[in-house]
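# Notes for the structure review
The primary structure of each chain is shown beneath.
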Amino acid sequence: MELTKTALYTAFMITIMSLSMQHKHLMLALMCVESMMLILFTMLVLFTSTSLTLSQIPMPTILLTISVCGAAIGLSLVVATTRTHGNDFLKNLSLL
């Protein structure tokens, strides 16, 4: 179990570093965010399965629902950006 937690923490840190180094495509940045959410979901499921409190059982479902909503918004932003600018390069966007 400790090896699994360590692997998930390491994967989460690698995903954060790859997100901070991603400066070219918006789609790749959104994929990094989605992988972070899936790692958080897995960590939350492991935490709630080891603890026996009943108040934390719906938390993974809530996190997954919020993650899906964020993915839908991100995908719609990528589609809108691609339609208006022709590509999803971050350097072409004015983020101010």
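Keep in mind that this is a model prediction, so the values were computed, not measured. (Residues numbered from 1 in each chain as written. Predicted model: local features only at pLDDT ≥ 70, side-chain atom pairs only at ≥ 80, totals over all residues. Heavy atoms only, no water.)

Attention shifts here to a nonpolar patch on the surface. Nonpolar side chains collect at one region of the surface, where Met27, Leu28, Met31, Leu75 and Val79 lie side by side and expose about 410 Å² of accessible area between them. Those elements that provide at least two residues to the nonpolar patch are α2 (26–50) and α3 (59–85). Considering every element that reaches the nonpolar patch, the biggest residue donor is α2, with three residues. For Met31, the location among the structural elements is in helix α2. (Patch = residues over 30% accessible without salt bridge, like charges linked within 9 Å, V, L, I, M, F, W, Y side chains within 5 Å. Areas by Shrake-Rupley, 256 points an atom, 1.4 Å probe, with all protein chains shown as cover. Salt bridge = Lys/Arg side-chain N within 4 Å of Asp/Glu carboxyl O. Helix = DSSP H or I, 4+ residues; strand = E, 2+ residues; numbered from the N terminus.)

General note: in soluble globular proteins, nonpolar side chains tend to be found buried as a group. If you look at the biggest cluster of nonpolar residues, it comprises six residues: Leu8, Phe12, Met36, Ile39, Met43 and Leu46. Put simply, the parts of the chain that give this core at least two residues each are α1 (2–21) and α2. It is α2 that provides the largest number of residues to this core, a total of four residues. Once residues lying within four places of it in the same chain are set aside, the contact partners of Leu8 are Ile39, Thr42, Met43 and Leu46. (Core = buried A, V, L, I, M, F, W, Y, C linked by side-chain atoms within 4.5 Å. Buried < 20%, exposed > 50% of the residue type's maximum accessible area, 1.4 Å probe, protein only. Contact = heavy atoms within 4.5 Å.)

Here we come to the UniProt feature "transmembrane region" (unreviewed entry) in the chain. In the numbering used here, UniProt assigns the feature "transmembrane region" (unreviewed entry) to residues 26–47 and 59–81. Taken end to end, residues 26–47 is 100% helix and 0% strand, and its first and last C-alpha atoms sit 32 Å apart. Taken as a whole, residues 59–81 contains 100% helix and 0% strand, while its terminal C-alpha atoms sit 33 Å from one another. (UniProt positions renumbered as here; feature names shortened; annotations may be inferred.)

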